[in-house]
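Residues per chain, in single letters:
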Amino acid sequence: MDGKPRILIFTGEGKGKTTAALGIVLRASGHGFRILVIQFIKSNPSVGELKALRDLPGVEVLQMGSGFTPPADDPAFVEHRKAAENALGVVLKALQSKRYDLIVLDEICTAIAKGLVEEDRVIELLRVGDEKVCLVLTGRGATPGLIEEADTVTEMLCLKHGLREGWRAQRGIEY
């Protein structure tokens, strides 16, 4: 529509934001799309979704985050910010290449909310894409600016969560 990319956001406090995005990846792979998934926060290479995604045709995955983000006054925060900035550079190159049909920016909303990247830089980046690419953004705390740019926004609402009820994170369910 009007030369701009399709933009979907999965945000909110509830579980399932990345899972929803990966459902789109699964569907798009089945249609022969060229797909790039960039993870802005996550850094654990042994999670189940990475193992499965590597076997899907047409899917590339880049974990570019440094794991759980420390507070901004922690000296390690600088490294997390550099990692997020590097990931933005990769997104820009991917959009400019016009090589991908679908690009997932996993936890980009969280990266903005935690101060790792600036909202206006991300919005500028989204505008580099054209109508041939679909961008899926995930993470808690989607900003008003991102929501305005998107054409579809889903907020995951947590009514009850097993981890709060005493369940431990389970392989194949949470990771």
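It should be noted that the structure appears before, not after, this text.
What comes next is a walk through the structure. As the structure is a prediction and not an experimental result, all values here were calculated from the model.

### Examining the overall build of the protein
Secondary structure summary: the protein contains six helices and six strands in total. Listed N to C, the secondary structure of the protein is β-α-β-α-β-α-β-α-α-β-α-β in terms of helices and strands. Taking 175 residues into account, the globule formula puts the C-alpha radius of gyration at 16 Å, and the protein, at 16 Å, falls close to it. Looking at the protein residue by residue over its 175 residues, the buried ones come to 45%. Of the contacts formed within the protein by residues at least 6 apart in sequence, a portion of 77% connects residues at least 24 apart. With an accessible surface of roughly 9900 Å², the protein has 53% of that area assigned to carbon and sulfur atoms.

### A short note on the pattern of salt bridges
All told, the structure shown has 12 salt bridges when counted by the stated rule. A salt bridge links Glu-60 to Arg-99, with the shortest nitrogen-to-oxygen separation between them at 3.0 Å. One end of the pair, Glu-60, is in strand E3 (residues 59-63); the other, Arg-99, is in the loop between helix H3 (77-97) and strand E4 (102-106), and 39 residues separate them in sequence. One salt bridge in this structure joins Glu-118 and Arg-81, with 3.1 Å as the shortest N-O distance. Note that Glu-118 is positioned in the loop between helix H4 (108-113) and helix H5 (119-126) and Arg-81 in helix H3, a separation of 37 residues in sequence. Using a relative accessible area of 40% as the deciding quantity, one classes Glu-118 as partly exposed.

Thresholds, definitions, all that
Residues numbered from 1 in each chain as written. Predicted model: local features only at pLDDT ≥ 70, side-chain atom pairs only at ≥ 80, totals over all residues. Heavy atoms only, no water. Helix = DSSP H or I, 4+ residues; strand = E, 2+ residues; numbered from the N terminus. Rg over C-alpha atoms; globule rule 2.2 N^0.38 Å. Buried < 20%, exposed > 50% of the residue type's maximum accessible area, 1.4 Å probe, protein only. Contact = heavy atoms within 4.5 Å. Areas by Shrake-Rupley, 256 points an atom, 1.4 Å probe, with all protein chains shown as cover. Salt bridge = Lys/Arg side-chain N within 4 Å of Asp/Glu carboxyl O.

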